[in-house]
Structures are given as C-alpha cells and as structure tokens.
Amino acid sequence: MTGKLKSLLIVMAIAMIISSNMAAYGEEALDKPPFEILSHIEELTYGQPKSGGLMSRLSEIEKAYFGRELPGSLSERQQAFLNFLENGLPDQPSFIFKLGVCEWIVTQKIGDGNLKERLEALEKLLEGEPKIDGPFAMRLERIVGLILPEGITWEEVEVPDKKVFKVALKNTLSPQDVKVGDPVELVMQGDFVVNTSLIAPSGSYVLGRIDSIKPPRSFGRPAEVKIAFDHIIPLDPVNKILVMMGEEAEKASKADDSVIAAAGASFVGAILLGPLGFAGGMLVKGDVKDIPAGTPFYLETAKATTVRAYPVPEMLQSIINPSQTPPPAEEVEQTENTSTTNNKTK
C-alpha cells in the first residue's frame, strides 16, 4: 500500500468517525451560536474569520481538511469539526495535538502561527515544499507516517500543583502604554513534561492579561501595573493548565542569574515581590522602563490538573529538554562553600 493511499484511507476513517459521533457533538453545539463556532474554527485554521455566508464557509473549510463536505445538520457538522480539531476521541488524538507532536519531534519546539501556516512550514522542512494540493487531514497523516510510522497516541497525566517552569515575554511590555484587559503573551522555555510525558513543548504560549492600573499618586508614589497570569496552552488545548506567580516561582526567579541579568535586581524585586496577597500575578512599578521581549522569569501551576499528554517513546526521550529550574539558593551556597574548602585543602 502506498503512503498516499494509506493517508487517504486514514482521512476517510477519521471522517467516518466524525460522522458517527455527530449526535453527541450536536448537543454541545447548541451552547454556542453557529457563527461563533465557525469563526473560531477559521481563526484556528487561517488566523482570522472568513467572509461570506455560513453554509458556503463551512463547506469550504470541510473541503480544505477532508476534500469533501461532511453530512449532518449545520450544528452537528460544526461541533463535530471543532471536536476533530481540538477534542479528539479516546483512541484518536486531535488534529492540533498531532500537529504539535510532529513539530516537536522535527524542531524540538511547537510552531508559531495558524494551523495552515504551521502545517506548511512542517512540510517545507521535511520535503522541501508544502503539499498545497491535498486536504489538511491527509497531509498531516502523511507527515505522521513519515516520522512516526506507529502513529501518535495520548494518555491522561496529572500535572501537580506548584510545578515550576521558565517563561519569557514574547513582546516588549511598556507599563506606561498598556490598559486593563490587554493580553500578555509568554513563551515556554524548555519542554513542560511530567516524567516522560510531553504536555507543552518549548515555545508553547502561556497567557496573561493586564489586571489593573494605578496612576501616579501623592508623595511621589509611582504608577503600578498588575499582571494576572491565566494558563498554559498545552498540546491538548481543551484542558488548560492554570498558572500563577507563587512562592516557588519567586524563589526560582531570585535564584536564577539569567533573570537578574536580563531585568536587573530592582526590577526583579518590583515584579516578583508585589503586595502581600496578590497571588497569581506580578506587580510592575511605573518607574520601571520597558520590559524587553525575551525577559525570563518563572511561574508555577496553580493547582493539580489532569490533561492529555504525549507519552514520548523511549527512542525519542533523548530530545526531551525539560524546562529547568535553578537550584535553591542554600544549595548554591553550600556548593560554593564546599568548593572553597576543597581548594584550600589542595
């Protein structure tokens, strides 16, 4: 059996699975307006919603993924499609999950951009050019067949609370220019893993927002910007992992020389050691200059969460690059003292 025929059969099987589960999916579809669901699907795929009538847009995106329209009512088709992209089935990981795993295996990080761009970038890396003449589902299955002939599976994993990981600002943050509700995007530094289960590859987004702003006040007190952290976007985008700036994250940031070097000791004090009780976020003083893109610091999980992860097979475990945390300050001090003692002995 040729690779192309095998991919086509897999896509047909996926379409049959979607069709057979439409009754269950259709009940969930009633929770959201049809235009909202379709716009979300188009934003995931193309980066922005398309224009035109609802039915013609749905038909177009179904053909883009499967080469044909799906059967069923409007709400059933939309919700089934969204589940194909994001939710998957017990024995069939979602399109987004599979794409992320393939990107990680090839580049050791997750791709940036919409799904169409990420698929094309992966094809270009593997085969020199994107295969723009085939449906997206078949093209992804072809990639899976090239790099993982045994296929991609997933498993449920519990992420513990207070698990510390390193992030960096995606864009420069200017405290004087932001407004309440503005998004703050962070990028995962290293892979977020539990044992050898991959949950969020390096490059995955961690989202936050500007929570509140206080203008300059009397007695020379500067303006303050509070940033609230929300969640990690893992391989399985349905089960988001809540995060915060907690005590363990503060300790890690204070112990990491790269954080101090990038931001400065005074900035670290302002950003990490905000007012007592402001759990989950951080405080930026108004007299702090722009915080440049790439500025690193640490966050931690806010509670234990069960998510679906990629069980990395033994042959690929060597490419896992866990998000590292620095040793506690007392361990560093103890190591330095031991080294000094040994040098004196010599």
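Residues numbered from 1 in each chain as written. Predicted model: local features only at pLDDT ≥ 70, side-chain atom pairs only at ≥ 80, totals over all residues. Heavy atoms only, no water.

Draft legend 1. The packing of aromatic side chains, seen in detail. A full pass over the atoms with the stated rule returns 12 aromatic pairs. For the ring pair Phe-81 and Phe-84, a centre distance of 6.2 Å and an interplane angle of 80 degrees mean the geometry is edge-to-face. Of the two residues, Phe-81 and Phe-84 both sit in helix 5 (residues 74-87), three residues apart, roughly one turn of that helix. Assigned by exposure class, Phe-81 and Phe-84 land together as buried. Grouped by ring-pair contacts, the aromatic residues Tyr-65, Phe-66, Phe-81, Phe-84, Phe-95 and Phe-136 constitute a single cluster. Stacked on the ring of Tyr-46, the Lys or Arg Lys-50 has its end atom at 4.4 Å from the ring centre. Directly above the ring of Phe-192 sits Lys-163, whose terminal nitrogen or CZ lies 5.3 Å from the centroid. (Phe/Tyr/Trp six-rings, centres within 6.5 Å; stacked < 30°, edge-to-face > 60°. Helix = DSSP H or I, 4+ residues; strand = E, 2+ residues; numbered from the N terminus. Buried < 20%, exposed > 50% of the residue type's maximum accessible area, 1.4 Å probe, protein only. Lys NZ or Arg CZ within 6 Å of the ring centre and 35° of its normal.)

Draft legend 2. How the structure looks around the pairing of strand 2 (residues 164-169). With six of six residues buried, strand 2 lies mostly within the body of the structure. Across the two faces of strand 2 the burial is the same, with Val-164, Lys-166 and Ala-168 and Phe-165, Val-167 and Leu-169 all buried. One ladder, built from five bridges, connects strand 2 with strand 10 (residues 296-301); its direction is antiparallel. Bridge pairing in strand 10 places Val-164 opposite Glu-300. Pairing analysis gives three bridges linking strand 2 to strand 3 (residues 183-188), with the strands arranged antiparallel. Within strand 3, the position partnered with Ala-168 by the bridge is Val-187. (Pairing = 2+ DSSP bridges.)

Draft legend 3. Structural context of unusual backbone geometry. Although it is not a glycine, Lys-162 sits at a positive phi angle of roughly 60 degrees. Within the secondary structure, Lys-162 sits in the loop between strand 1 (155-159) and strand 2. Positioned with a positive phi, Asn-195 is a non-glycine residue whose angle comes to about 60 degrees. One can find Asn-195 in the loop between strand 4 (192-194) and strand 5 (197-200).

Draft legend 4. Structural detail: the nonpolar core. Residues Tyr-65, Leu-85, Phe-95 and Tyr-310 are the most contacted members of the largest nonpolar core, which totals 43 residues. Breaking this core down by element, the ones donating at least two residues are helix 3 (34-46), helix 4 (54-66), helix 5, helix 6 (95-107), helix 7 (115-127) and helix 8 (136-147). The dominant element in this core, judged by the number of residues it contributes, is helix 6, at eight residues. Setting aside anything within four residues of it in sequence, one finds Tyr-65 in contact with Thr-45, Phe-81, Phe-84, Leu-85, Phe-95, Leu-115, Pro-135, Phe-136, Ala-137 and Met-138. By size, the runner-up hydrophobic cluster in this structure holds 35 residues, among which are Val-194, Val-243, Phe-297 and Leu-299. (Core = buried A, V, L, I, M, F, W, Y, C linked by side-chain atoms within 4.5 Å. Contact = heavy atoms within 4.5 Å.)

Draft legend 5. View of helix 9 (residues 247-255). Restricting attention to buried positions, one finds in helix 9 the residues Ala-249, Ala-252 and Ser-253. Relative to the axis of helix 9, the buried residues are bounded by an arc of 100 degrees and lie together on one face. Facing away from the buried surface of helix 9 by more than 90 degrees, the exposed residues are Glu-247, Lys-251 and Lys-254. (Arc of directions from axis to C-beta.)

Draft legend 6. Structural detail: the packing of helix 3 against helix 5. In the contact formed by helix 3 and helix 5, the axes pass within 10 Å of each other and the chain directions differ by 30 degrees. Overall, the two elements helix 3 and helix 5 adopt an arrangement that is roughly parallel. In terms of crossing hand, the pair formed by helix 3 and helix 5 is left-handed. Within the contact between the two elements, helix 3 uses Pro-34, Ile-37, Leu-38, His-40, Ile-41, Leu-44 and Thr-45 and helix 5 uses Leu-74, Gln-78, Gln-79, Phe-81, Leu-82, Leu-85 and Glu-86. Partitioned by chemical class, the residues of the contact of helix 3 with helix 5 number nine nonpolar, four polar and one charged. (Axes fitted to C-alpha atoms, helices over the stretch in contact; angles between N-to-C directions. Parallel < 35°, antiparallel > 145°, perpendicular 65-115°, else oblique. Left-handed = near helix turned anticlockwise from the far one by under 90°. Nonpolar A, V, L, I, M, F, W, Y, C, P; charged D, E, K, R; others polar.)

Draft legend 7. Spatial organisation of a nonpolar patch on the surface. Taken together, the side chains of Leu-125, Leu-126 and Leu-146 present a nonpolar region at the surface, about 270 Å² in accessible area. By the secondary structure assignment, Leu-125 is in helix 7. (Patch = residues over 30% accessible without salt bridge, like charges linked within 9 Å, V, L, I, M, F, W, Y side chains within 5 Å. Areas by Shrake-Rupley, 256 points an atom, 1.4 Å probe, with all protein chains shown as cover. Salt bridge = Lys/Arg side-chain N within 4 Å of Asp/Glu carboxyl O.)

Draft legend 8. Local environment of the sheet that holds strand 1. The strand order across the open sheet built from four strands is 1-11-5-4, with neighbouring strands paired in antiparallel fashion. The outermost strands of the open sheet, each flanked by one partner alone, are strand 1 and strand 4. Averaged over all pairs of adjacent strands, the angle between their axes in this sheet comes to 50 degrees, without regard to strand direction. Sheet topology note: the strand 5/strand 11 (residues 305-311) ladder contains two bridges and is antiparallel. Bridged to Ser-197 within strand 11 is Pro-311.

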